[in-house]
Amino acid sequence: MGMIMNGRELADELQLEMIEEVKKMPVKPGLVVMIVGENSASQTYVKNKERAAEKIGINSKIERLPESVTEKELLDLISKYNEDNAYHGILVQLPLPAHIDEEKVLLAIDAKKDVDGFHPLNIGKMMSGDADLIPCTPYGIMMLLKKYNVPLAGKNAVVVGRSNIVGKPMAHLLLQEDATVTITHSKTTDLQEVTKRADVLVVAIGKGHFINSSHVKEGAVVIDVGMNRSPEGKLIGDVDFDDVIEKVSLITPVPKGVGPMTITMLMRQTIDNAKK
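Residues numbered from 1 in each chain as written. Predicted model: local features only at pLDDT ≥ 70, side-chain atom pairs only at ≥ 80, totals over all residues. Heavy atoms only, no water.

Undergrad: Which parts of the structure should I look at to understand the sheet that holds strand β3 (residues 59–65)?
TA: Two strands in a sheet stick together by hydrogen bonds in their backbones, pointing the same way (parallel) or opposite ways (antiparallel). Strand order in the open sheet made by the 3 strands is β3-β2-β4, with parallel pairing throughout. A single partner strand is all that each edge strand has here, and the edge strands are β3 and β4 (89–92). For this sheet the average axis-to-axis angle between neighbouring strands, irrespective of direction, equals 15°. Strand direction decides the pairing type here: strand β2 (residues 30–36) and β4, joined by 4 bridges, are parallel. In the sheet register, M34 faces β4, and the bridge partner there is V92. Set on the sheet, helix α2 (residues 40–56) makes contact with β2, β3 and β4; between it and β3 the angle comes to about 160°. (Pairing = 2+ DSSP bridges. Helix = DSSP H or I, 4+ residues; strand = E, 2+ residues; numbered from the N terminus. Axes fitted to C-alpha atoms, helices over the stretch in contact; angles between N-to-C directions. Contact = heavy atoms within 4.5 Å.)

Here it is in structure tokens:
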């Protein structure tokens, strides 16, 4: 049976270190999160971020905006916080309503305060191997792999999903650790044959229990980024955990796997920004 990679445990460990770090800082790190509308998943994410910031000692502010907010109003608010030296990190919770241009919003955030790591300038620096601010979910996954001493150099790594938030940056971070990386997606022919060759399999497609034991190589390391609801309302991943665990060497659960690490790395980057 595979060992469970406990993201909650590692996140707690790292956050305890951050608490002591923040206490010694001459400047209190500041993070502002903007959320538009009443999306329930987004509300939960924002509440968890607020809770983590409060625990660590980060000055956290939540700007809750109605669904009807205009693109200009949101851009003006971002501009305000770009100039506010009390805040070292700015995050706009995605997704945004259809009438707001997501790309324009991400570009409006000062790249130096982009603690989510989504600004094109930060993505470019990461791809060149000179990362400054990194997308938090891939960053958290790399920390988990390091914690559990997963060797990457020369290994076959397969990423299922090609989003700008997880799939693409994840592939680049694995490549920088000398893994041989394959990105798969909805148009991939015979996905199962590709995933079965993976020593490290990262799944981020947003389809509950899509990956099962027939997709997985014996002894593989499986990272499940999925957050879905079963028909019964239970939180489940993209990987069928119960079906796969007997076959793998290491696996992240859902919940208490990748999710806590994403929030923790957001806090890490906010603290690092305040130090700069």
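Undergrad: Before we go on, may I ask you to explain the pattern of salt bridges in this structure?
TA: Proximity of charged atoms lets side chains of opposite charge pair with each other. Tallied over the full model, the rule gives 15 salt bridges. Here D199 and K217 are joined by a salt bridge, their closest N and O atoms 2.6 Å apart. Pair noted here: D199 is in the loop between α8 (191–195) and β7 (200–203) and K217 is in the loop between β7 and β8 (221–224), with a separation of 18 residues, a long-range link. Residue classification places K217 among the partly exposed residues on the basis of a relative accessible area of 31%. (Salt bridge = Lys/Arg side-chain N within 4 Å of Asp/Glu carboxyl O. Buried < 20%, exposed > 50% of the residue type's maximum accessible area, 1.4 Å probe, protein only.)

Undergrad: In this structure, what is going on with the UniProt feature "domain: Tetrahydrofolate dehydrogenase/cyclohydrolase catalytic" (unreviewed entry) in the chain? I would like to understand it.
TA: Sequence positions flagged by UniProt for "domain: Tetrahydrofolate dehydrogenase/cyclohydrolase catalytic" (unreviewed entry) are, in local numbering, residues 5–116. Helix makes up 47% of residues 5–116 and strand makes up 16%, while its end C-alpha atoms are separated by 23 Å. (UniProt positions renumbered as here; feature names shortened; annotations may be inferred.)

Undergrad: What should I look at first to understand the UniProt feature "domain: Tetrahydrofolate dehydrogenase/cyclohydrolase NAD(P)-binding" (unreviewed entry) in the chain in this one?
TA: Mapped onto this structure's residue numbering, the UniProt feature "domain: Tetrahydrofolate dehydrogenase/cyclohydrolase NAD(P)-binding" (unreviewed entry) falls at residues 135–275. Along residues 135–275 one finds 35% helix and 17% strand; the C-alpha atoms at either end are 19 Å apart.

Undergrad: I'm lost on the domain arrangement of the chain in this one. Help?
TA: It is common to give the size of an interface as the accessible area lost on bringing the parts into contact. Partitioning the chain into structural domains gives domain 1 (27–110) and domain 2 (136–258). The centre of domain 1, based on its C-alpha atoms, is set 28 Å off from the matching centre of domain 2. (Domains from an automatic or database assignment.)

Undergrad: I would appreciate a short explanation of helix α1 (residues 7–23) in the present structure.
TA: A turn of α-helix holds 3.6 residues, and therefore any two residues three or four places apart point the same way. Between its first and last C-alpha atoms α1 spans 24 Å; for 17 residues at 1.5 Å apiece the expected length is 24 Å, and the two agree. Three or more residues of α1 are buried, namely G7, L10, A11, L14, Q15, M18, I19, E21 and V22. Buried residues in α1 make contact with α2, α6 (136–147) and α10 (258–275). A side-chain oxygen of the first residue of α1 lies 3.1 Å from the backbone nitrogen of R8; this N-cap is N6. (Expected span 1.5 Å × (residues − 1). Polar contact = N/O pair within 3.5 Å; in protein donor to acceptor, adjacent residues only side chain to side chain.)

Undergrad: Quick question: what am I supposed to make of the packing of α1 against α6 here?
TA: Packed helix pairs are specified by the crossing angle of their axes together with the interaxial distance, meaning the distance between the axes. The contact between α1 and α6 brings their axes to 11 Å, and the two run at 95°. Put simply, α1 runs roughly perpendicular to α6. Contacts between α1 and α6 involve G7, L10, E13 and L14 from the first element and M143, L144 and K147 from the second. For the contact of α1 with α6, the class distribution of residues is 4 nonpolar, 1 polar and 2 charged. (Parallel < 35°, antiparallel > 145°, perpendicular 65-115°, else oblique. Nonpolar A, V, L, I, M, F, W, Y, C, P; charged D, E, K, R; others polar.)

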